[in-house]
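Notes for the structure review
Chain by chain, the residues:
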Amino acid sequence: MREADRLQSTIDIATPCADVIERVRARSPRVHCITNAVAQNFTANVLLAAGARPSMTISPEEIGSFVASADALLVNLGTFDAARREAADRAIEVAAEEGLPWVLDPVLIDRSQPRAAYAADLVTRGPRAVRLNRAEFTALASAAPEGETLWRYAGDARTVIGLTGETDVVSDGARVATIRNGHPLMARVTAMGCVASALVAACLAIEGDAWLATTAALLAIGVAGEGAAAHARGPGSFAMEILDALDRLDRDGLLARAKVQ
Amino acid sequence: MREADRLQSTIDIATPCADVIERVRARSPRVHCITNAVAQNFTANVLLAAGARPSMTISPEEIGSFVASADALLVNLGTFDAARREAADRAIEVAAEEGLPWVLDPVLIDRSQPRAAYAADLVTRGPRAVRLNRAEFTALASAAPEGETLWRYAGDARTVIGLTGETDVVSDGARVATIRNGHPLMARVTAMGCVASALVAACLAIEGDAWLATTAALLAIGVAGEGAAAHARGPGSFAMEILDALDRLDRDGLLARAKVQ
Amino acid sequence: MREADRLQSTIDIATPCADVIERVRARSPRVHCITNAVAQNFTANVLLAAGARPSMTISPEEIGSFVASADALLVNLGTFDAARREAADRAIEVAAEEGLPWVLDPVLIDRSQPRAAYAADLVTRGPRAVRLNRAEFTALASAAPEGETLWRYAGDARTVIGLTGETDVVSDGARVATIRNGHPLMARVTAMGCVASALVAACLAIEGDAWLATTAALLAIGVAGEGAAAHARGPGSFAMEILDALDRLDRDGLLARAKVQ
């Protein structure tokens, strides 16, 4: 078994990441979001600011047709209610039929054992990526064999893990990217992780390499966060500024600020 | 049958529109909103900024008393779930009993056949106005006879159609108003059409001519959008600025900027 | 029976209030919020800005474990649906078992008799505080004996009443605090009362004297409102600025502006 540090990429990742972000803006993929009530409005506005298009219904009568005509799917567990579970089940089924990429965001599974078990089950259904924080990863991996590391977990589960925190780490089991962008104010605004996951879905819609797509999304949100912090005077103005920063984020701006390897 | 261009108004519409907006602020009508989760907070804040008052419950036990004591009703199909369908059914019944004007916003019916059929059914229940975009109108009118135009559809359905886009068109079958206000950033913020529909409801609450009320609401949001764009640096600041712009929108500001005929 | 004016405090309340706000930031309590869809995002961001942490699920499977591990609970009746009633029932049961303080916000009970009756029943289940406006208090107290005043109601119900308006009044039956901070723009933004209630819950989490905790929360939001108004150009920017103002609110800023006695 290779060491994690041997997996560390030495090639330039920032340039292909910038390509991904440009293609999202050019192709404007529609991302169907099953997400929690706290995050819905902010998620829709983040997708629009990045050039993608959101849809949000969770109705059982409609979820099938909305997902079938979408370009990617987000399943966020921030509200673990019966309606959203039913919606997620049907949506993932349709995504599998259509070959649609989807992202799992197992929000706060460290706070609720039933939610953690549900998330572990969803991982077996083939998300292209899972975006979470350290506590959530620990809860998810605790069902796996002892000593499970991030990149090993990703490899075993055949998915990409995008772990966000002060430094973001993205691995598909074979490759690891680390991103040192972002700003402390990102932890002071609700649903910031949720919107990052939505952006991962938008990138998966136009990039078949899920590791690259996930890295591009987390890099873009981190760089936008730095741009927003330069104008913000607190968490309220920051939440507004990050939408403006995502909107104006271009290839040069991303490359100038990217701290990814 | 008269030609659509013959219907084009040549009288001054801006002045009566300004009167409508002033009366909303003076009378502060309460608009009960059955609307989607993405739009709820923004809708409430837009109504408050325009001088109206929002209420939002969809509970079957309460919807009757909330609607009966309201001044207008909004039915927005952005979430087509069983709870909202039940709420809408009861709310429309009470609105009919009380003579309360109501607005239909058939969000994204072009994406879902069951939702389009539901919207077509609601049109038969007497909304004073239907606010939608081009794709939604096409989906709605596709159930109607071939070659259905906007003004003919409005006349046949005995309602007012408020079609928003780069240019807004409002018709009751006999009259047509066109509004050339607005800004591209309005398409970059989620729920902008939803809040326009809520403002139509607020105007219907204090103006019996539904064509004039709808025109006034779409004119006000378009002019406010231009005012907001003058201060905004992107979609995030725009969403905030349009609330401030609506709040300070007065008669002179509206008349100075209005491009309506 | 003593006169209400005899209850008026003559001691310095501002200093212990500043202590409470400092302790919220130092200890970062988690507040579980059962609140309405309009208020959820703003509530989460207000708690984060004040240094607390929000959680929001209403799922019956999870509410127990989320509340058991929280530091305080908010029950807001802004959406009086079956799911939230079930969640509230279970959450209050767990709060009682765990000795967790909870706040009731009986939103708009003046508009709906079933909601008022439900609120009156919840008061018997031991909220440490009830935050409401004048119309809501009248609806709540109307079930009580004639001539019920705020401080008498609080004493009889063994809770703290935090009545917000141009002047806020807080009483536990034995003591009365009046707060003359705040700004008219606070009435122009949706869910401002809801977020004040959430802040009351955060203060109850770290302060056993519920009258002091409630006074501290309402004082903090009032002072933050004044700070926000100094930067705002309307209700949109105000909603953003109040988050920034809460974030930077410190002991000196609170004491300099406090008008509480």
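Report on the accompanying structure. (Residues numbered from 1 in each chain as written. Chains lettered and ligands numbered in written order. Predicted model: local features only at pLDDT ≥ 70, side-chain atom pairs only at ≥ 80, totals over all residues. Heavy atoms only, no water.)

Mapping chain C onto chain B calls for a rotation angle of 120 degrees and an axial translation of 0.0 Å; the resulting RMSD is 0.0 Å. Both copies are brought into coincidence by an operation consistent with a three-fold rotation axis. Across chain C, the smallest distance between a C-alpha and the rotation axis is recorded for A37 of chain C, namely 3.9 Å. Little of the interface of chain C is mirrored in chain B: 5% of its interface residues are interface residues there too. (Least-squares fit on C-alpha atoms with pLDDT ≥ 70 in both. Contact = heavy atoms within 4.5 Å.)

What follows concerns the packing of helix α3 (residues 40-49) of chain C against helix α11 (residues 235-248) of chain C. Residue and element names in this part refer to chain C. Contact pair α3 / α11: the axes reach a minimum separation of 8 Å and the direction vectors enclose 25 degrees. With respect to α11, the element α3 is oriented roughly parallel. Packed against α3, whose contacting residues are F42, N45, V46 and A49, the element α11 presents A239, I242, L243, L246 and D247 at the interface. Looking at side-chain class alone, the contact of α3 with α11 contains seven nonpolar, one polar and one charged residues. (Axes fitted to C-alpha atoms, helices over the stretch in contact; angles between N-to-C directions. Helix = DSSP H or I, 4+ residues; strand = E, 2+ residues; numbered from the N terminus. Parallel < 35°, antiparallel > 145°, perpendicular 65-115°, else oblique. Nonpolar A, V, L, I, M, F, W, Y, C, P; charged D, E, K, R; others polar.)

A full pass over the atoms with the stated rule returns three aromatic pairs over all chains. Taking 5.6 Å as the distance between ring centres and 90 degrees as the angle between the ring planes, the aromatic pair formed by F137 of chain A and Y153 of chain A counts as edge-to-face. A residue pair is termed long-range when its members are at least 10 positions apart, and F137 of chain A in helix α7 (residues 134-141) and Y153 of chain A in helix α8 (residues 150-157) qualify at 16 residues. A single burial state applies to F137 of chain A and to Y153 of chain A, both of which are buried. Just above the ring of W151 of chain B sits the side chain of R152 of chain B; from NZ or CZ to the centre is 5.7 Å. (Phe/Tyr/Trp six-rings, centres within 6.5 Å; stacked < 30°, edge-to-face > 60°. Buried < 20%, exposed > 50% of the residue type's maximum accessible area, 1.4 Å probe, protein only. Lys NZ or Arg CZ within 6 Å of the ring centre and 35° of its normal.)

Let us now look at helix α6 (residues 113-123) of chain B. Among the residues of α6 of chain B, those classed as buried are R115, A116, Y118, A119, L122 and V123 of chain B. The arc enclosing the buried residues of α6 of chain B, seen along the axis, measures out at 160 degrees, which places them on a common side. (Arc of directions from axis to C-beta.)

Of the voids in this model, the second largest pocket is the one considered here, and its volume is about 1300 Å³. Put simply, the parts of the chain that give the lining of the second largest pocket at least two residues each are α3 (40-49) and β2 (53-55) of chain A together with β5 (129-133), α7 (134-141), α9 (192-206) and α10 (210-231) of chain B. The biggest single contributor to the lining of the second largest pocket is α9 of chain B, with four residues. Considered class by class, the residues forming the lining of the second largest pocket number 20 nonpolar, 15 polar and ten charged. (1 Å grid on protein atoms, 1.4 Å probe; cavity = no way out; pocket = protein on both sides within 12 Å on 5 of 7 lines; lining within 4 Å. Points joined across faces, edges and corners; volume = space filled by probe spheres on them.)

With that settled, the discussion passes to the interface of chain C and chain B. The interface of chain C with chain B comprises 20 residues on the first partner and 24 residues on the second. Around 1900 Å² of area is buried between chain C and chain B when both sides are counted, 48% of it from carbon and sulfur atoms. When residues of chain C are sorted by the area they lose upon contact with chain B, R111, R188 and R233 of chain C head the list and together hold 32% of the total. Seen at the junction of chain C and chain B, the total is four salt bridges. One can count twelve residue pairs in polar contact (both at pLDDT 80 or more) joining chain C with chain B. For the side of chain C that touches chain B, the secondary structure elements donating two or more residues are α6 (113-123) and α11 of chain C. Its residues placed into classes, the side of chain C that touches chain B shows nine nonpolar, five polar and six charged. (Buried area = accessible area lost by both parts, 1.4 Å probe. Salt bridge = Lys/Arg side-chain N within 4 Å of Asp/Glu carboxyl O. Polar contact = N/O pair within 3.5 Å; in protein donor to acceptor, adjacent residues only side chain to side chain.)

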